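Listed below are the residues making up each chain.
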Amino acid sequence: GNVAPVIEARAELYALDDRPEQALKCLLSLNPADLSDPQVVFDLVDNKQLYAAVRSRVADLAALSRDKAAEMLVRRVDRFPIELVAHQLEQDDLLLWYLRIAFLEMPEAYSEPQHRDLHAKHVHLYATSPARADDDLDRPYDSELLRFLQWSSFVPLQDALTACEQLASPPLHNEIVYILGRMGQPK
């Protein structure tokens, strides 16, 4: 049978016994789909300040709830530095999800020079992403990637050009025009 309710009950007992790390360990041992309410994990982390216990488990938090994980990562960027989080996320879609959050929700932190390599990766992942659903059909000349290219001073332009021309399908023409302009080739 399903052992999830038993493990959740054990976690609750650990929490009542003031052993929040054990409670968290129980909850994170469950398959995210089996957890009755993912909010319990985020509340436990916040209420008991268990950020150190989940610093290296960002993918697990995202599997529970991308929205709740994003909110925590933005709110506690002091506990979850951008490079620490990015280096954990091996799945391309997960890393792109996080880099988009960094760009849209934490631009001051993401614009620091130590994130130079992530900016290049961001363009590459965006260009090759099968679902660029954020591209607003009402504003076809203003994609999120174009806004990112205009904002970032670290994107290697030649790499970005290659990604937009050769890796993106279809090629990202507005971005290509912008990059060529930045490279001094307005024609």
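Scope of this entry: the structure provided in the associated data block. (Residues numbered from 1 in each chain as written. Predicted model: local features only at pLDDT ≥ 70, side-chain atom pairs only at ≥ 80, totals over all residues. Heavy atoms only, no water.)

1. A look at the overall build of the protein chain
Now for step 1: Secondary structure assignment for the protein chain yields 13 helices and zero strands.
Now for step 2: For the protein chain, the succession of helices and strands along the chain, N to C, is α-α-α-α-α-α-α-α-α-α-α-α-α.
Now for step 3: C-alpha atoms of the protein chain, sized along the principal axes, occupy 70 × 35 × 25 Å.
Now for step 4: By the burial criterion, 41% of the 187 residues in the protein chain qualify as buried.
Now for step 5: Considering only residue pairs separated by 6 or more positions, the protein chain has 59% of its internal contacts joining residues 24 or more positions apart.
Now for step 6: Summed over its atoms, the accessible surface of the protein chain is roughly 10400 Å², and 51% of this surface lies on carbon and sulfur atoms.
Now for step 7: Separation between the mean location of the 19 positive side-chain charges and that of the 30 negative ones in the protein chain comes to 3 Å. (Helix = DSSP H or I, 4+ residues; strand = E, 2+ residues; numbered from the N terminus. Buried < 20%, exposed > 50% of the residue type's maximum accessible area, 1.4 Å probe, protein only. Contact = heavy atoms within 4.5 Å. Areas by Shrake-Rupley, 256 points an atom, 1.4 Å probe, with all protein chains shown as cover. Lys, Arg positive; Asp, Glu negative; His and termini not counted. Charge placed at Lys NZ, Arg CZ, Asp CG, Glu CD.)

2. Looking at the environment of Q88
Now for step 1: Mapped onto the elements, Q88 comes out in helix α7 (residues 82-88).
Now for step 2: Separated by 81 residues in the primary sequence, Q88 and S169 place their C-alpha atoms 27 Å from one another.
Now for step 3: From its side chain, Q88 meets the backbone nitrogen of R57 in a polar contact 3.4 Å long.
Now for step 4: For Q88, the side chain forms a polar contact with the main-chain oxygen of L84, separated by 3.5 Å. (Polar contact = N/O pair within 3.5 Å; in protein donor to acceptor, adjacent residues only side chain to side chain.)

3. Some details on the nonpolar core
Nonpolar side chains in soluble globular proteins tend to end up buried together.
Now for step 1: Within the largest apolar cluster, 60 residues are counted, with the highest numbers of intra-cluster contacts made by V41, W97 and Y98.
Now for step 2: In terms of residues, this core owes the most to one element, helix α8 (residues 92-105), which gives nine residues.
Now for step 3: In this view, V41 contacts L24, L27, L28, L35, L61 and L64; residues no more than four positions away in its chain are not counted. (Core = buried A, V, L, I, M, F, W, Y, C linked by side-chain atoms within 4.5 Å.)

4. Some words on the environment of P113
Now for step 1: Its location among the elements puts P113 in the loop between α9 (107-110) and α10 (116-128).
Now for step 2: On the basis of relative accessible area, P113 is assigned to the partly exposed category, the value being 48%.
Now for step 3: As a C-alpha pair, P113 and S36 span 77 residues in sequence and 41 Å in three-dimensional space.

5. Thoughts on the packing of aromatic side chains
Now for step 1: Here the structure, examined in full by the defined rule, presents seven aromatic pairs.
Now for step 2: Between Y110 and W151, the aromatic rings sit 5.8 Å apart at their centres with planes inclined by 25°, giving stacked as the arrangement. With Y110 in helix α9 and W151 in helix α11 (residues 144-151), the pair connects residues that are 41 residues apart, well separated along the chain.
Now for step 3: Given the relative accessible area of 0%, Y110 is considered buried.
Now for step 4: Taking relative accessible area as the criterion, W151 reaches 29% and is therefore assigned partly exposed.
Now for step 5: Taken together, the aromatic side chains of F103, Y110, F148 and W151 make up a single cluster linked through ring pairs.
Now for step 6: Over the aromatic face of Y51 sits the side chain of R76, whose NZ or CZ is 4.7 Å from the ring centroid. (Phe/Tyr/Trp six-rings, centres within 6.5 Å; stacked < 30°, edge-to-face > 60°. Lys NZ or Arg CZ within 6 Å of the ring centre and 35° of its normal.)

6. Here we look at the pattern of salt bridges
Now for step 1: Inspection of the entire model under this criterion finds eight salt bridges.
Now for step 2: Measuring nitrogen to oxygen at the nearest pair gives 2.7 Å for the salt bridge that ties D60 to R57.
Now for step 3: Given a relative accessible area of 32%, D60 falls into the partly exposed group.
Now for step 4: The exposure class assigned to R57 is partly exposed, which follows from its relative accessible area of 26%.
Now for step 5: With its nearest N and O atoms 2.9 Å apart, the salt bridge here joins R76 to D78.
Now for step 6: On the accessibility criterion, R76 (17% relative accessible area) is buried.
Now for step 7: The network of salt bridges with common partners includes D46, E71 and R75. (Salt bridge = Lys/Arg side-chain N within 4 Å of Asp/Glu carboxyl O.)

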